[in-house]
Amino acid sequence: MNRKIKKIFIALIIALIIVLIAWFSFFNKEISNINIKTIPENCENYIIINSNKIKKEISSYFFNNPGLLLKLYDNTESIQNEFNDINFKLNEPASIFWDHKTNIRGVYFSVNNVEDIDTKKHNLSPININDTELFINEDKNTIYYRDVINNQIRVFFSDNNINSQEIYQTFIIKSTISDTSTYNIKALDYFNKNDNCAIFRINNDYSKFIGIQELKGNIDFSPKKISILINGSVNDDFILTDNDSLIEINNCWGNFSANFKKRIIKNFFPKNDPIIKNWDGRVSIGFKNLKKVGKLLSIKKPYELLNHIDYSLFIGDRSTNPDDSITSSFGTFTYFQKNKYSGYILNTEDNSLITNKNKNEHFKGSINFNLLYDLQNNDLSWNTIKPILMRFNLESIKMNCYPNEENKIEFNLDINSLDSTKHILFSPFIY
C-alpha cells in the first residue's frame, strides 16, 4: 500500500468515525439489553460487556490518534477476514455466563441481519430440536442458536460432550425475550446502575470454598490503564486475615505479600517441610530473576513455581524459642526480628525488608516490567518470550486486597501501560 493510498484510507476512517459518533449520539436505536435479559434467570456467574461505552472509548482514541489505525488494520487482517460477514450491533451489551449446575458457558451478543451469516464458513452444521434450528461445530464442541427476530446469537461451550437437547431445554425455551418472567432481573438491574466498560458477578462452589460468599466488580480502561475493582462478602472460612501489617521485600521486579490463615499451608509448601511447622500465615516473596522459563508449563503445585525464579522469601513465625536457622527444601532460612515482627528469611538482607504500617491488609503485590525487561538473563526461552511480552506495552501491575467494613473486602488491580500513545488494549497489534 503506497503513501497516497494510506492517506486516503486514514482520511476515510476519520470520516467514518465522525459519522459513527454523530449517528450514535443523535440517531441511536433503543437498546433492548436482550443479551442481559436472557442470561439464565438464577445465574450468578456472569460478565456483562458494555459494548456501547467501549465503542465510544475506542472511537475517541483513534479519532485523536488516526495514524495508528493503519497499523491496527494491517495487523488484524486475518481476524477481520474470519468475521467479515458478521455485522455486530455495538450498541447492545454482550454477556458471558457460566451455569455451574450444567457446567456450560454461554456467550450472547447481537448482530444485524443474523440470517445473512454463512454457517458453512464457520463449520456449523444444522440440527433440529422440536422445530427449532440450532447449529453445532463438532470440532470446537460448541452449539449456536440464532434468534432471527431479535438479531441475537447465543453460543454455548462445555468441557463435556455438549448436549443439544439440554441446551434447548435449559437455555432457549426457558429464556425468551417475549416472556418477561424469565428475565435475569438482578443482572439487568446491576447493569443499569453501573457505567463501566464491564461488570461481573461471581458466586459459586469454588468461591465459597475459599470463604467468599459473593463477588461483584467492574472493569474500566483508558489508553493508559486497565482498572479492576471487586467488592465481596466473606465468612469465617475466608483464607486471608488482616491481623498484621504486611512485610514486603524491596528491590525486586515483582513482589507479593499476604496474611494467610494456616489451614492453606499445605498448598504452598511440600508436605511436612520444617519451615511451616510454626508458620503464622504471614508470607512475603520478592522475585529477582527468571530461570528454566521453558519448563513453566510443567508445574503441578504452586510451590513448584519457585524452581523457575531466583527469589527472596520471608515466612512469619512467632515461636517462643525460635531456632537461629531452619534447613528447608528451599534452602536455609535464618531468623529475623524487627520490633514485634519476627520470622525467617531466605536469600535476602534484613534491610531489604520493609513493614507496611499504613493499614492492615489481606495482601498486596506488584510487577515492575521495566525492571523485568532489564534483567541480565541468558535463559534462551526467556529471551524468546521477552520481545513478545514487550509488545503488550506494560509498565506495571499493582494489586491489593483489604477489609473495607465488617465481613467485606475490596480488591483493586491496576494494569498500567508504558506508552499511552499506543492504547493498552491494542498494543500487541500496533507494535
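Just so it is clear, the model here is predicted, and its values are computed rather than measured.

1. Considering the pattern of salt bridges
Side-chain pairing between opposite charges can occur once the charged atoms of the two side chains come close.
Then step 1. As enumerated under the stated definition, the model contains ten salt bridges in all.
Then step 2. For Glu44, the salt bridge goes to Arg201, with nearest N and O atoms at 3.4 Å. Here Glu44 is found in the loop between helix H2 (34-37) and strand E1 (46-49), whereas its partner Arg201 is found in strand E9 (residues 198-202), with 157 residues between them in sequence.
Then step 3. Among the residues examined, Arg201 registers a relative accessible area of 9% and is labelled buried.
Then step 4. Here the residues in one salt-bridge network are Glu44, Arg201 and Glu214, joined through shared partners.

2. Quick word on empty space enclosed by the protein
Then step 1. Enumeration over the complete set of coordinates arrives at two cavities of 30 Å³ or more.
Then step 2. By volume, the largest cavity is sized at about 40 Å³.
Then step 3. Every residue lining the largest cavity is listed: Ser245, Leu246, Ile247, Ser257, Ala258, Asn259, Arg282, Val283, Ser284 and Phe314.
Then step 4. Listed by contribution, the elements that provide at least two residues to the lining of the largest cavity are strand E13 (254-259) and strand E14 (279-290).
Then step 5. Its residues assigned to classes, the lining of the largest cavity shows five nonpolar, four polar and one charged.
Then step 6. Considered as a void within the structure, the second largest cavity measures approximately 30 Å³ in volume.
Then step 7. Lining the second largest cavity, in full, are Ile247, Phe336, Lys338, Tyr341, Leu353, Ile354 and Thr355.
Then step 8. Within the residue set of the lining of the second largest cavity, elements represented by two or more residues are strand E17 (331-338) and strand E19 (353-355).
Then step 9. Per-element tally for the lining of the second largest cavity: the top contributor is E19, with three residues.
Then step 10. Looking at the lining of the second largest cavity residue by residue, the classes come out as five nonpolar, one polar and one charged.

3. Description of the environment of Thr38
Then step 1. Relative to the assigned elements, Thr38 resides in the loop between H2 and E1.
Then step 2. Residue Thr38 is classed as buried on the basis of its relative accessible area, which comes to 1%.
Then step 3. Counting along the chain gives 144 residues from Thr38 to Thr182, while the straight-line C-alpha distance between them is 7.4 Å.
Then step 4. At a separation of 3.1 Å, a polar atom in the side chain of Thr38 contacts the side chain of Gln152.

Criteria and thresholds
Residues numbered from 1 in each chain as written. Predicted model: local features only at pLDDT ≥ 70, side-chain atom pairs only at ≥ 80, totals over all residues. Heavy atoms only, no water. Salt bridge = Lys/Arg side-chain N within 4 Å of Asp/Glu carboxyl O. Helix = DSSP H or I, 4+ residues; strand = E, 2+ residues; numbered from the N terminus. Buried < 20%, exposed > 50% of the residue type's maximum accessible area, 1.4 Å probe, protein only. 1 Å grid on protein atoms, 1.4 Å probe; cavity = no way out; pocket = protein on both sides within 12 Å on 5 of 7 lines; lining within 4 Å. Points joined across faces, edges and corners; volume = space filled by probe spheres on them. Nonpolar A, V, L, I, M, F, W, Y, C, P; charged D, E, K, R; others polar. Polar contact = N/O pair within 3.5 Å; in protein donor to acceptor, adjacent residues only side chain to side chain.

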